[in-house]
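# Structural overview for review
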Amino acid sequence: SKAYSVRFLPYSSLLWLYTYATITAVFSVMPQFAFFLAFQNVVIIVVVLWFFSIFKDFRTMERALLLFGTTQMIVESVISRFTEFHSFVAHFLGGGSMSAILISYTAGELMAKRVKDKARNKMLKAILYISIFNIVISTSSGANASAIFGVGVGMIFSGHILFALVILMIALLLYLNQDWVDQIIFFIMPGKSREDIETATGRERIWDVILDLAAQKPWFGWGFGCVERVASDTGEIGFTVPDAHNNYIGFYGSLGYIGSVIAYFHFAAAWINSFLKRQKVGYTGIVAAISCAIMNGYSYAFLASKACSITIFYFLLIGAMLYYSHCKFYDIRTIK
């Protein structure tokens, strides 16, 4: 009841998105499956509200947020490499995506320099370096691109005009030298052929089938997380589809127009809220991380199909956005 009474649009819109997703189980082709996936997210979002209520000041709250995310990233990456990939360097979407969002937050806050705190800066740098290392060995092109985008947003909104001018100059140089673009794309997307890049590594076929299915039930969708299973059953793709690899197509196929509108409203509320508070400590990191997550959603359906590490961390970012505004800011006596 406390969670549903929260009057903060980024949080309440997220909660109502998955509440609606839970309701779609009633008319879903796989009611138990849809109910489980959606209700699981409702539970996590409610727990996030409790999690941040434990902390009474910004420093411990931010530290808990980042250490939780870093621990998730490291444990998941280590376990997956030993049990699934059997390789140190492996294509791992979850690990790469977690790295991208942590890179965006920490880089954004380090560039913003809202407060002089050596211990905090040391923590931010350590997490940034660990995340950069992990994103390199995860070889996820979508994560790489979203990390660059998130850091770029952090540069622009960190208050340093010089960074923004550098980005504009780089953009102008790339526009005037189109052959450089191909070289940069292949660097960001290691191990990809031109065909892989142009077809999103086969994702286009998945998207075409899901969009065809979505057109059959445009208003309410097939039920949360179910359109991918229906797409697999058609046999048109040729392999099992674990997720839509696109939040926006996934929302449309699973939740229809209604769910998509709620989702887009949430993204807009989250981005605008963090943007308006970007001058406060913590919020430059959040607007950069939110931008990174929204961008990454074009290649990884971490919000529309399943709950994974980046899903949980995204929910935590929304919770931090709420609690950063209400917690004790900084006790100057504790800063060294």
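The structure presented is a predicted model; accordingly, all values stated were derived computationally and were not measured.

When you go through the protein residue by residue, the secondary structure sums to 14 helices and 0 strands. Starting at the N terminus and ending at the C terminus, the protein contains elements arranged as α-α-α-α-α-α-α-α-α-α-α-α-α-α. By the burial criterion, 54% of the 336 residues in the protein qualify as buried. The contacts in the protein between residues at least 6 apart in sequence include a share of 77% that link residues at least 24 apart. Carbon and sulfur atoms make up 70% of the accessible area of the protein, which totals about 15700 Å².

The next point concerns the side chain of glutamate 62. Tracing the chain through its elements places glutamate 62 in helix α3 (residues 58-85). Assessed through its relative accessible area of 1%, glutamate 62 is described here as buried. A polar contact is formed between the side chain of glutamate 62 and the side chain of tyrosine 105, at a distance of 2.7 Å. One polar contact links glutamate 62 to arginine 120, side chain to side chain, over a distance of 2.6 Å.

This part is about the environment of isoleucine 206. Along the polypeptide, isoleucine 206 turns up in helix α10 (residues 203-214). With a relative accessible area of 4%, isoleucine 206 lands in the buried category. Along the chain, isoleucine 206 and asparagine 246 lie 40 residues apart, while their C-alpha atoms are 9.7 Å from each other.

Okay, a nonpolar patch on the surface next. Taken together, the side chains of Ile23, Val26, Phe27, Trp219, Phe220, Tyr257 and Ile258 present a nonpolar region at the surface, about 710 Å² in accessible area. By the element assignment, isoleucine 258 lies in helix α12 (residues 247-276).

Here the focus is the confidence of the model for the protein. Within the protein, residue pLDDT values average 83, and 81% of them lie at 70 or more. The secondary-structure element of the protein with the lowest mean pLDDT is helix α9 (residues 194-198), recorded at 46, while helix α1 (residues 9-23) shows the highest, at 95. Confidence over residues 195-200 falls short of pLDDT 50; this stretch has 9 contacts with residues more than four positions distant or in other chains.

What follows deals with the side chain of histidine 245. Its place among the elements puts histidine 245 in the loop between α11 (227-234) and α12. Take histidine 245: its relative accessible area is 13%, and that puts it in the buried class. Polar contacts involving the side chain of histidine 245 include one to the main-chain carbonyl oxygen of serine 299, which spans 3.4 Å.

Once that is clear, we can look at the pattern of salt bridges. One pass over the structure, following the stated rule, counts 4 salt bridges. Here glutamate 62 and arginine 120 are joined by a salt bridge, their closest N and O atoms 2.6 Å apart. Taken together, the residues glutamate 62 in helix α3 and arginine 120 in helix α5 (residues 118-138) connect sequence positions 58 residues apart. Salt-bridge contacts for glutamate 228 lead to arginine 229; the nearest nitrogen and oxygen are separated by 3.8 Å. Residue glutamate 228 is classed as buried on the basis of its relative accessible area, which comes to 0%. On the basis of relative accessible area, arginine 229 is assigned to the partly exposed category, the value being 22%.

We now examine the packing of helix α4 (residues 93-112) against helix α6 (residues 141-157). To characterise two packed helices, one gives the angle between the axes of the helices and the distance between these axes. Following both chains from N to C, one finds α4 and α6 inclined at 15°, their axes separated by 8 Å at the closest point. In terms of axis orientation, α4 runs roughly parallel to α6. At the point where α4 passes α6, the crossing takes the right-handed sense. Every residue of α6 that contacts α4 at Gly96, Ser97, Ala100, Ile103, Ser104, Ala107, Gly108 and Met111 is listed here: Ala143, Ser146, Ala147, Gly150, Val151, Gly154 and Met155. In the contact of α4 with α6, the residues fall into 8 nonpolar, 7 polar and no charged.

On inspection of all chains with the given rule, the structure shows 21 aromatic pairs. Between phenylalanine 52 and tyrosine 323, the aromatic rings sit 5.9 Å apart at their centres with planes inclined by 25°, giving stacked as the arrangement. Of this pair, phenylalanine 52 sits in helix α2 (residues 31-53) while tyrosine 323 sits in helix α14 (residues 309-323); the two residues are 271 residues apart in sequence, bridging distant segments of the chain. What makes phenylalanine 52 buried here is its relative accessible area of 0%. Aromatic rings pair up to connect Phe51, Phe52, Phe55, Phe68 and Tyr323 into one cluster.

Conventions adopted
- Residues numbered from 1 in each chain as written.
- Predicted model: local features only at pLDDT ≥ 70, side-chain atom pairs only at ≥ 80, totals over all residues.
- Heavy atoms only, no water.
- Helix = DSSP H or I, 4+ residues; strand = E, 2+ residues; numbered from the N terminus.
- Buried < 20%, exposed > 50% of the residue type's maximum accessible area, 1.4 Å probe, protein only.
- Contact = heavy atoms within 4.5 Å.
- Areas by Shrake-Rupley, 256 points an atom, 1.4 Å probe, with all protein chains shown as cover.
- Polar contact = N/O pair within 3.5 Å; in protein donor to acceptor, adjacent residues only side chain to side chain.
- Patch = residues over 30% accessible without salt bridge, like charges linked within 9 Å, V, L, I, M, F, W, Y side chains within 5 Å.
- Salt bridge = Lys/Arg side-chain N within 4 Å of Asp/Glu carboxyl O.
- pLDDT = per-residue confidence, 0-100.
- Axes fitted to C-alpha atoms, helices over the stretch in contact; angles between N-to-C directions.
- Parallel < 35°, antiparallel > 145°, perpendicular 65-115°, else oblique.
- Left-handed = near helix turned anticlockwise from the far one by under 90°.
- Nonpolar A, V, L, I, M, F, W, Y, C, P; charged D, E, K, R; others polar.
- Phe/Tyr/Trp six-rings, centres within 6.5 Å; stacked < 30°, edge-to-face > 60°.

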